[in-house]
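Residues per chain are reported as follows:
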Amino acid sequence: MYHPITNGNESEEYKKMTKPLEGVRVLDLTQFESGPSCTLLLGYLGAEVIKVERPGTGEPGRTQFLEHLDEGDCWYFIMLNSNKKSITLDLKNDEGKAIFKKLVTLADVVVENFRPGTMDRLGLGWEMLQEINPRIIYASISGYGLSGRYRDYPAFDIIAQAMGGAVSCTGYPDRPPVRCGPSIGDVVGGLNLTIGTLAALYHRKTTGKGDLVEVSLQESILNLLRSAYQGHYHTGKPIPRIGSRYVGNCPWDTYPTQDGYVVIGALTPEQWANLCRAMGRDDMAHAPGFERSADRYWKHREEVDRMIADWTSDKEKKDVMETLVACGVPCGMVLDSAELLEDPHLCEREMIVEITHPQRGTFKQLASPVRIGNSTVEVTPAPLLGQDNEEIYGDLLGYTSEQLSKLIAKKIV
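Residues numbered from 1 in each chain as written. Predicted model: local features only at pLDDT ≥ 70, side-chain atom pairs only at ≥ 80, totals over all residues. Heavy atoms only, no water.

*Asks:* I'd like a rundown of the sheet that holds strand β5 (residues 137-142), residues and numbers included.
*Replies:* Strands sit in the order β3-β2-β1-β4-β5-β6 across an open sheet of six strands; the sheet is parallel. Each edge of the open sheet is held by one strand with a lone partner, namely β3 (85-88) and β6 (211-216). In this sheet, neighbouring strand axes are inclined to one another by 20° on average, regardless of whether the strands run parallel or antiparallel. Across four bridges, strand β4 (residues 109-112) lies against β5 in parallel orientation. When the sheet's bridge partners are listed, V110 is paired in β5 with Y138. Running at roughly 150° to strand β2 (residues 48-53), helix α2 (residues 34-44) makes contact with β1 (25-28), β2, β4 and β5 of the sheet. Relative to β1, helix α4 (residues 94-105) is tilted by about 150°, and along the sheet it contacts β1, β2, β3 and β4. (Pairing = 2+ DSSP bridges. Helix = DSSP H or I, 4+ residues; strand = E, 2+ residues; numbered from the N terminus. Axes fitted to C-alpha atoms, helices over the stretch in contact; angles between N-to-C directions. Contact = heavy atoms within 4.5 Å.)

*Asks:* Residue-level account of unusual backbone geometry, with values.
*Replies:* Generally, phi is negative for residues other than glycine and the peptide bonds are trans, each holding for most cases. Residue P251 follows C250 across a cis peptide bond; omega there is 5°. Along the chain, the position of P251 falls in the loop between α10 (229-235) and β7 (252-257). One non-glycine residue, N83, lies in the positive phi region at around 60°. Mapped onto the fold, N83 is located in the loop between α3 (75-80) and β3. A relative accessible area of 13% means that N83 is categorised as buried. Despite not being glycine, K411 shows a phi value in the positive range, around 60°. Of the residues examined, K411 reaches a relative accessible area of 65% and is grouped as exposed. (Buried < 20%, exposed > 50% of the residue type's maximum accessible area, 1.4 Å probe, protein only.)

*Asks:* Residue-level account of the environment of T376, with values.
*Replies:* Its location among the elements puts T376 in the loop between β11 (361-366) and α16 (389-396). Given a relative accessible area of 26%, T376 falls into the partly exposed group. Each C-alpha atom of the pair T376 and T18 lies 8.5 Å from the other, and the pair is 358 residues apart in sequence.

*Asks:* Give a description of the pattern of salt bridges that names residues and reports values.
*Replies:* In a structure, side chains of opposite charge can pair up when their charged atoms sit close to one another. Enumeration according to the criterion identifies 24 salt bridges in this entry. Residue D295 pairs with K299 through a salt bridge whose shortest N-O separation is 4.0 Å. On the criterion of helical spacing, the pair formed by D295 and K299 is a turn pair, its members being four residues apart in helix α12 (residues 293-312). Overall, the relative accessible area of 60% leaves K299 in the exposed class. (Salt bridge = Lys/Arg side-chain N within 4 Å of Asp/Glu carboxyl O.)

*Asks:* Could you give me a rundown of the sheet that holds β7, with the residues and numbers involved?
*Replies:* The three strands lie next to each other as β7-β8-β9, forming an open sheet whose pairing is antiparallel. Taken across any chain shown, the strands that pair with only one partner, and hence form the sheet edges, are β7 and β9 (331-333). Each adjacent strand pair in this sheet contributes to an overall mean axis angle of 25°, direction not counted. Its contacts with the sheet put helix α13 (residues 317-326) on β7, β8 (260-265) and β9, and the angle it makes with β9 is roughly 160°.

*Asks:* Tell me about the packing of helix α11 (residues 269-278) against α12, residues and numbers included.
*Replies:* The geometry of a pair of packed helices is captured by two quantities: the angle between their axes and the separation between those axes. α12 packs onto α11 with a crossing angle of 30° between their chain directions and a minimal axis gap of 12 Å. As for the relative orientation of α11 and α12, their crossing is left-handed in sense. Across from W272, L275 and A278 in α11, the residues of α12 making contact are R296, V304, M307, I308 and W311. Its residues assigned to classes, the contact of α11 with α12 shows seven nonpolar, no polar and one charged. (Left-handed = near helix turned anticlockwise from the far one by under 90°. Nonpolar A, V, L, I, M, F, W, Y, C, P; charged D, E, K, R; others polar.)

*Asks:* Give a description of the confidence of the model for the chain that names residues and reports values.
*Replies:* Mean pLDDT over the chain works out to 94, with 96% of the residues at or above the 70 mark. Counting interchain partners and residues more than four positions distant, the pLDDT-below-50 stretch residues 1-11 has 19 contacts. (pLDDT = per-residue confidence, 0-100.)

*Asks:* So what about the packing of α2 against helix α8 (residues 184-207)? Which residues, and what values?
*Replies:* As a packed pair, α2 and α8 sit with axes 7 Å apart at the nearest point and diverge in direction by 50°. Put simply, α2 runs oblique to α8. The handedness of the crossing between α2 and α8 comes out as right-handed. On α8, the residues touching S34, S37, C38, L41 and L42 of α2 are D186, V187, G190, L191, L193, T194, T197 and L198. Split by residue class, the contact of α2 with α8 holds seven nonpolar, five polar and one charged. (Parallel < 35°, antiparallel > 145°, perpendicular 65-115°, else oblique.)

*Asks:* Can you lay out a nonpolar patch on the surface for me, pointing to particular residues and giving the numbers?
*Replies:* A cluster of nonpolar side chains, contributed by Y150, Y153, F156, I158, I159 and M163, occupies part of the molecular surface with about 570 Å² of accessible area. Taking relative accessible area as the criterion, Y153 reaches 46% and is therefore assigned partly exposed. (Patch = residues over 30% accessible without salt bridge, like charges linked within 9 Å, V, L, I, M, F, W, Y side chains within 5 Å. Areas by Shrake-Rupley, 256 points an atom, 1.4 Å probe, with all protein chains shown as cover.)

*Asks:* An account of the nonpolar core is requested, with residue identities and associated values reported.
*Replies:* V24, V26, L42, A47, V109, V111 and L193 are the most contacted members of the largest nonpolar core, which has 38 residues in total. At the level of elements, α2, α3, β4, β5, α8, β6, α9 (217-223) and β10 (352-357) are the ones that each hand at least two residues to this core. The biggest single contributor to this core is α2, with five residues. Once residues within four sequence positions are removed from consideration, V26 is found in contact with T39, L42, A47, E48, V49, I50, V109 and V111. Residues L91, I99, A107 and Y399 belong to the second largest nonpolar core, which totals 28 residues. (Core = buried A, V, L, I, M, F, W, Y, C linked by side-chain atoms within 4.5 Å.)

Right under this line is the structure:
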C-alpha cells in the first residue's frame, strides 16, 4: 500500500506493524449512517468491530433503499460497513440480552444510535453496562442529544441539517434553501463520535474507567457554521444564501468550462495578481479597489465573476486547473462520482481500492481518509448478515455447535 514516507517500498517488518486500534473490541449496534460512520472509521483504524444485528433482517440500512428485496444488501449498507464483522442477536429476548452482556464483559466500546431511552428500556443502557464492565466506553449519537427539550424528537440527516443551520444558508437567495448533497450531519456526527470515543479510550489509560460519550447531530451541524457566522455578525442578519460564494472572499465561486466546472479561490493579493496574469488581464492585477479580497467581494464581485467566467468558458476544466495551479492560484475541477472513482491521484494513494463482495462482485470502494504512519489499512467488504456468528459465539464466547443451533432454532441468533 502506498505510504507518504516510504513511497510504497515498505519492508516486511514495516508491513507487520500493528494497527492503531488493534486489540480494541467494539460492539456496533448502529444503523443507517451516523453510527456506522463512526464504527467504519474505528474499523479502518484497526479495531475489531462486531456489528450486532436483528436476526432475519439485520439493520434497516441493509434493505432500506432496495427496489427489490431479493437483490441482497444494498450499496448504501455496503459503503458504510467495510471492515466489520456481523452477528445476529435478538436484544428484546431475555436470553439474547444475557448473551449481549457476556459480550460487553469482553468489549471495550459499545456504539449505538437509537432514539434516546431505547437502550435503557432494553435494560442495556449506560448505567447497566458500566456495572457489568466498569471499563466500557458507551458511545451514543442521536438527533438532539441525551438531554434538552428536543431529546425525544426523531431526526435524520435532513432534519439535523435544517435544525443545525446548514439548510438555511445553502443555495441561492432567489430559491428555497436546500440540503447539502452529502449527509454532512450523519457523517460529521459520526466523526465527532469517533473523536470522543478515542479520547475516552485514552482517558481510560489514566483512570482505569470507561465513560459515556454522546454526540448530537444538530450540534455537529451547528459546529460547522463557526466561520460562516462572520456573515451574521458582519451584517447583523442571518447568514445569507449565496451559492458557492463565501462572505468577504472574491473570487470564491464555481465557473463554467467546456466540459463542466471549476472552482477558484484567490484570497491574497499575490494570488489575485497571478490569476489576472494567467487570464491575460495584467491591467487588473493592481487595479485600485481590486487588490483586497474583501473589497472585491463587497464592491466588484459581479464584475470579477464575469471576467473569470469569460476566460474559463472556452477551456477544458483540467486545463484551467493545471494552468492556474502552475501560477500559484488555488483551483480545482468539479469532479462527479464517476470521475472520482477513476481519479489518478486518489487511485495512486489508494483512497479508491478494488474489493470483491460475495453478492455484488468486484467493484471500487472508498478506503480510509485517515492515515497513521506505521500502519496500513486493508479494506474488507461489508459482512453478510450473521456471517461471523460461528466465530464470535464459538471462539469468543465458547458456545458449542449444538448450543448455537439451539439459539438459531429459537430465533435468538
